[in-house]
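Breakdown of the fold
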Amino acid sequence: MNDRVLVFEGIHNFRDYGGYAGREGRLRQGVLWRSGQHGDATSNDLAGVANLGIATVIDLRGDSERQLMPCLRHDGFDGLVLFAPGETAGSELAPHEEAGSGITTAAEARAAMTRLYENMPFRTVLVRSLTLYFEALATRQGPSLLHCLAGKDRTGLAAALLHRLLGVHEDDVMADYLLTNAAGDQKRRIAAAGDSIRQRYGPQITDEAIETLMGVDAQYLEAASRSIIEHHGSVERYADEVLGVDAARREALRERLVA
C-alpha cells in the first residue's frame, strides 16, 4: 500500500495528499489530509486522527448527508469545521448515488459519472464549499482534513484543483486521484453503496456497474478538467473567477503549503 495512505477500520480513503513536487518546491506532508466521512469511525480510528493535530475540517457533504450520517470526532477535537449550507451534490444524494439513477451496466455507469463530473465544478453549493476550502488553506495554520461522503468525487476534484494551482505535474495529479481505487477497504465501501443504490433504484444494476460508480476513473477527472477549460480557459482563471483564488491567494497557498 502506498505510504501516503492511513488505514482506518471505519474511515475510508484516508490519506495525505501532500508531498508532491510543485512548480516552486515540494508540497508539505502531514498538513493536507483527505478522507471519506467519519460516521463509522472506531475509537481507535479517532485516536489515530487525534494524533494528526487537525486544525481545520472542510466538509464537502450536503446538509442531508450531514444529518443522516454525522461525523464522529475525538473528545479533544477543537478544530474548526467548515461547510456551505445546502446540497453540494445537486440533491440530497452523494454523487455516486445520484449517477446510479436509470443505469444497469458498467458502461452506463461510466457515462453517468462522466456527465456528473462535467457539471461538478459549477454546482452552486459545491462552489461555495470549494471557496471555503481554498480560503482556509490560504489563511489558517495547522493540518487540514478535506472530506465528503465517500471521499472520492467532490474530494477528488478539490484535491486535484489544489495540486494544479500549485504546479503539481499532471501525472502526479492523476496518480493521487486514482489512489482512491486502492485506499482503504474498497470492497466494504462498494458493498455498502451497492445496498443503498439498489434499494433506491432497483436490483437490475449489475455488480460491475456498482463498482464503476464507487471507483474513480481517469476519464472522470479529465471530463471535469475539459469543462473547466471550455468555460474559463484555464484552471487558474476558473479558480480566480469562480472560487476567488486570485494571484494573492495563490501566493498565500504557496507560502503555507510548499516547502
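Presented here is a report on the structure given in the accompanying data block.

The rules behind the values
- Residues numbered from 1 in each chain as written.
- Predicted model: local features only at pLDDT ≥ 70, side-chain atom pairs only at ≥ 80, totals over all residues.
- Heavy atoms only, no water.
- Helix = DSSP H or I, 4+ residues; strand = E, 2+ residues; numbered from the N terminus.
- Rg over C-alpha atoms; globule rule 2.2 N^0.38 Å.
- Contact = heavy atoms within 4.5 Å.
- Pairing = 2+ DSSP bridges.
- Buried < 20%, exposed > 50% of the residue type's maximum accessible area, 1.4 Å probe, protein only.
- Phe/Tyr/Trp six-rings, centres within 6.5 Å; stacked < 30°, edge-to-face > 60°.
- Core = buried A, V, L, I, M, F, W, Y, C linked by side-chain atoms within 4.5 Å.
- Axes fitted to C-alpha atoms, helices over the stretch in contact; angles between N-to-C directions.
- Left-handed = near helix turned anticlockwise from the far one by under 90°.
- Nonpolar A, V, L, I, M, F, W, Y, C, P; charged D, E, K, R; others polar.
- Polar contact = N/O pair within 3.5 Å; in protein donor to acceptor, adjacent residues only side chain to side chain.

Let us now look at the overall build of the chain. The number of helices and strands found in the chain is 12 helices and 6 strands. Taken over the C-alpha trace, the chain has a radius of gyration of 17 Å; the compact-globule value for 259 residues is 18 Å, and the two agree within 12%. The principal-axis extents of the C-alpha atoms in the chain amount to approximately 50 × 45 × 35 Å. Residue pairs in contact within the chain that sit at least 24 positions apart in sequence constitute 77% of those at least 6 positions apart.

Moving on, we get to the sheet that holds strand β2 (residues 14–16). As summarised here, the arrangement of the 6 strands in space is β1-β2-β3-β6-β4-β5, forming an open sheet in which the pairing is mixed. Looking at which strands have only one partner, the edges of the open sheet turn out to be β1 (5–6) and β5 (80–82). The pairing of strand β3 (residues 32–35) with strand β6 (residues 144–147) spans 4 bridges and is parallel. When the bridges of β6 are listed, Leu-32 appears paired with Ser-144.

Take Ser-227: it is sitting in helix α10 (residues 218–232). The class for Ser-227 is buried, based on a relative accessible area of 7%. Discounting residues that sit within four places of it in the chain, Ser-227 has contacts with Glu-118 and Phe-122.

Side-chain alternation along β6 places Ser-144 and Leu-146 on one buried face and Leu-145 and His-147 on a second face that is also buried. Bridge count between strand β4 (residues 56–59) and β6: 4 bridges; the pairing is parallel. When the bridges of β6 are listed, Asp-59 appears paired with His-147.

This brings us to the environment of Asp-3. Within the element layout of this structure, Asp-3 appears in the segment before β1. By relative accessible area, Asp-3 is classed as exposed at 73%. Sequence spacing of Asp-3 and Pro-85 is 82 residues, and the spatial spacing of their C-alpha atoms is 34 Å.

Another point: unusual backbone geometry. Even without being glycine, Asn-13 reaches a positive phi, approximately 60°. When you line up the elements, Asn-13 lands in the loop between β1 and β2. With a relative accessible area of 1%, Asn-13 lands in the buried category.

Okay, the packing of aromatic side chains next. Taken as a whole and assessed by the stated rule, the structure comprises 6 aromatic pairs. Ring centres of Phe-14 and Trp-33 lie 5.8 Å apart, and the angle between their planes is 50°; this geometry places the pair in the tilted category. Residue Phe-14 is located in strand β2, and its partner Trp-33 is located in strand β3; the two are separated by 19 residues in the primary sequence. Across the pair, Trp-33 and Phe-14 agree in class, each one buried. Aromatic side chains Phe-122 and Tyr-238 sit 5.9 Å apart centroid to centroid with 90° between the ring planes, which places their arrangement in the edge-to-face category.

Core analysis: the largest hydrophobic core is formed by 56 residues, its most contacted members being Tyr-117, Tyr-133, Phe-134, Leu-161, Leu-162 and Leu-253. Of all the secondary-structure elements, those providing two or more residues to this core are α4 (106–119), α5 (124–139), α6 (154–165), α7 (170–178), α9 (207–214), α10, α11 (235–243) and α12 (247–257). Once residues within four sequence positions are removed from consideration, Phe-134 is found in contact with Ala-158, Leu-161, Leu-162, Leu-165, Leu-243, Val-245, Arg-249 and Leu-253. Among the nonpolar cores identified, the runner-up in size contains 11 residues, and Phe-14, Trp-33, Leu-52 and Val-57 belong to it.

What follows covers the packing of α6 against α11. As a packed pair, α6 and α11 sit with axes 10 Å apart at the nearest point and diverge in direction by 120°. Handedness of the α6/α11 crossing: left-handed. Together, Leu-161, Arg-164 and Leu-165 of α6 and Val-235, Glu-236, Tyr-238, Ala-239 and Leu-243 of α11 make up the contact between the two elements. Residue composition of the contact of α6 with α11, by class: 6 nonpolar, no polar and 2 charged.

Within the secondary structure, Asp-153 sits in the loop between β6 and α6. Here Asp-153 falls in the buried class, since its relative accessible area comes to 3%. Of the polar contacts made by the side chain of Asp-153, one reaches the side chain of Tyr-117; its length is 2.5 Å.

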